[in-house]
Amino acid sequence: MKDFISVKDLNLKIFSEIYDIFKKYKESYSNGITKFTDLRGVSILLPFFENSTRTRTSFELAGKILGADTINISGSSSSVKKGETLFDTIKTLEAMQADFIVIRHYMSGAAKIVAKHVKSRVINAGDGTHEHPSQAVLDAITLLEHKKSIEGLRISIIGDILHSRVARSNIHLLKMLGAEITICGPQTMLPRHLEVFEVDHVTTDVDEALKDRDVAIFLRIQLERQKKVFFSTLNEYSIKYGLNQKRVELLKEDAVILHPGPVNRGIEIQSELVYGDRSLILDQVENGLFTRMAIYNYLINN
């Protein structure tokens, strides 16, 4: 496993090994050990051709904590703005001879194309509407910390399924770990060929999707990817698909709520529920750091 492009690169053994590395790093950190030498002498390029705060910062900080040299390349200041093609960008990155390339790109499949043409280890930090594999791994790990096992959990993923790379990665990984998956959203935000997702249930009724569920994962409305109107107003979306206190009560008593962030407060989730008792959103942010440290460690040693 040279690269981490898709959740489909994982199997149960690899996921388990990454989880074990995660636990070691998190425990060490809690014991006051905040610097490591696992990636000393390693260089990491972070070309991000889409805006990002959580993912870019998390990958950058993870590399620095492990002793690596990290170099940020933002899309707004890159030669892409001058008309450089993806192929030319790849050749430029290859010439830099970095050990890792952590790439986010607006084109689905971009990370895979880069991985085919460079010797560096490539990590997909999100490519178009395709996948966001490290997010799925950290979500699964966050659930394991609170639920001990994912086998048999009833999980609903709610929102803009059509444009969500997080949904695609989560569905595959959580299904592999034994969860029962429901997807829910407006009909206009559900993909046409749902059979390729291999989910257990599909509904446009959010109350049905939340009823007696163990986990609810709410997705961000990705207005920047929408080329046409998918609902009349944000207020209408909030009324029909947003999480409020009344809908929280439909969940199981010990159910938890996740969101990949950033949250559109008052639209996907009512503001007071974002960091409420059921929310694991801040846990996701914290675990993102240790998950990405574990991914670096696994790839450099395999």
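Residues numbered from 1 in each chain as written. Predicted model: local features only at pLDDT ≥ 70, side-chain atom pairs only at ≥ 80, totals over all residues. Heavy atoms only, no water.

This part covers the pairing of strand β8 (residues 215-218). Residues of β8 alternate between two faces, with Val215 and Ile217 on one and Ala216 and Phe218 on the opposite face, all of them buried. The pairing of β8 with strand β9 (residues 256-258) spans three bridges and is classified as parallel. Looking at β9, one finds that Ile217 is bridged to Leu258. (Buried < 20%, exposed > 50% of the residue type's maximum accessible area, 1.4 Å probe, protein only. Helix = DSSP H or I, 4+ residues; strand = E, 2+ residues; numbered from the N terminus. Pairing = 2+ DSSP bridges.)

Glancing now at the packing of helix α3 (residues 86-95) against helix α4 (residues 110-117). Packed helices, taken two at a time, are described by the angle between their axes plus the distance between the axes. Their axes nearest at 10 Å, the elements α3 and α4 cross at an angle of 45°. By the angle between their directions, the pair α3 and α4 is classed as oblique. Here α3 runs over α4; the crossing is right-handed. Contact residues: α3 offers Leu86, Ile90 and Glu94, while α4 offers Ala110, Ile113, Val114 and His117. Class assignment for the residues of the contact of α3 with α4 results in five nonpolar, one polar and one charged. (Axes fitted to C-alpha atoms, helices over the stretch in contact; angles between N-to-C directions. Parallel < 35°, antiparallel > 145°, perpendicular 65-115°, else oblique. Left-handed = near helix turned anticlockwise from the far one by under 90°. Contact = heavy atoms within 4.5 Å. Nonpolar A, V, L, I, M, F, W, Y, C, P; charged D, E, K, R; others polar.)

Here four strands make up an open sheet; going across it, the order is β2-β1-β3-β4 and the pairing parallel. The open sheet terminates on both sides in strands that have one partner only, identified here as β2 (69-74) and β4 (121-127). The average angle at which neighbouring strand axes cross in this sheet is 15°, direction not considered. Where helix α2 (residues 54-65) meets the sheet, its contacts fall on β1 (43-48), β2, β3 (100-105) and β4, and the angle it forms with β1 comes to roughly 175°.

Tracing the backbone through its elements, the reader meets Asn297 in helix α10 (residues 281-300). Only 2.8 Å separates the side chain of Asn297 from the side chain of Tyr25, close enough to count as a polar contact. The contact partners of Asn297, leaving out residues within four places of it in the chain, are Ile21, Tyr25 and Asp38. (Polar contact = N/O pair within 3.5 Å; in protein donor to acceptor, adjacent residues only side chain to side chain.)

On to the environment of Arg121. Locating Arg121 in the fold gives a position in strand β4. Between the C-alpha atoms of Arg121 and Asp99, which are 22 residues apart in sequence, the distance is 6.1 Å. Filtering out sequence-adjacent residues up to four positions away, Arg121 remains in contact with Lys2, Asp3, Asp99, Phe100, Ile101, Leu299 and Ile300.

As a further point, take the pairing of β2. For β1 and β2, the ladder comprises six bridges, and the chain directions are parallel. What sits directly across from Leu45, in β2, is Ile71. Regarding the hand of the β-α-β motif, the stretch spanning β1, α2 and β2 is right-handed. (Right-handed = clockwise from strand over helix to strand, strands pointing away.)

Our next topic: the packing of helix α5 (residues 133-147) against α10. Relative orientation of the contacting elements α5 and α10 amounts to 115°, with a least axis distance of 9 Å. α10 is crossed by α5, and the crossing has right-handed handedness. Taking contact as the criterion, the partners of Ser134, Gln135, Val137, Leu138, Asp139, Ile141, Thr142, Glu145 and His146 in α5 are, on α10, Asp283, Gln284, Asn287, Gly288, Thr291, Arg292 and Ile295. Along the lines of polarity and charge, the residues of the contact of α5 with α10 split into four nonpolar, eight polar and four charged.

Empty space left among the atoms is revealed by rolling a probe the size of a water molecule over them. In this model, the largest pocket occupies a volume close to 630 Å³. Lining of the largest pocket is provided by 31 residues; of these, Thr55, Arg104, Pro260, Gly261 and Pro262 occupy positions nearest its centre. Looking at the lining of the largest pocket, the elements with two or more residues in it are α2, α5, α6 (165-176) and α10. In terms of residue count, the dominant contributor to the lining of the largest pocket is α10 (six residues). The residue makeup of the lining of the largest pocket, split by class, is nine nonpolar, 14 polar and eight charged. (1 Å grid on protein atoms, 1.4 Å probe; cavity = no way out; pocket = protein on both sides within 12 Å on 5 of 7 lines; lining within 4 Å. Points joined across faces, edges and corners; volume = space filled by probe spheres on them.)

Next up on the list: the packing of aromatic side chains. Two aromatic rings are characterised by how far apart their centres lie and by the angle between their planes. Inspection of the entire model under this criterion finds eight aromatic pairs. Ring geometry for Phe59 versus Tyr296: centroids 5.9 Å apart, planes at 70°, classification edge-to-face. Here Phe59, found in helix α2, pairs with Tyr296, found in helix α10; they are 237 residues apart in sequence, far enough to count as distant. The exposure class assigned to Phe59 is buried, which follows from its relative accessible area of 0%. Sitting over the ring of Tyr19, Lys23 keeps its end group 4.4 Å from the ring centre. If you follow Arg121 out to its NZ or CZ, it ends over the ring of Phe100, 5.9 Å from the centre. (Phe/Tyr/Trp six-rings, centres within 6.5 Å; stacked < 30°, edge-to-face > 60°. Lys NZ or Arg CZ within 6 Å of the ring centre and 35° of its normal.)

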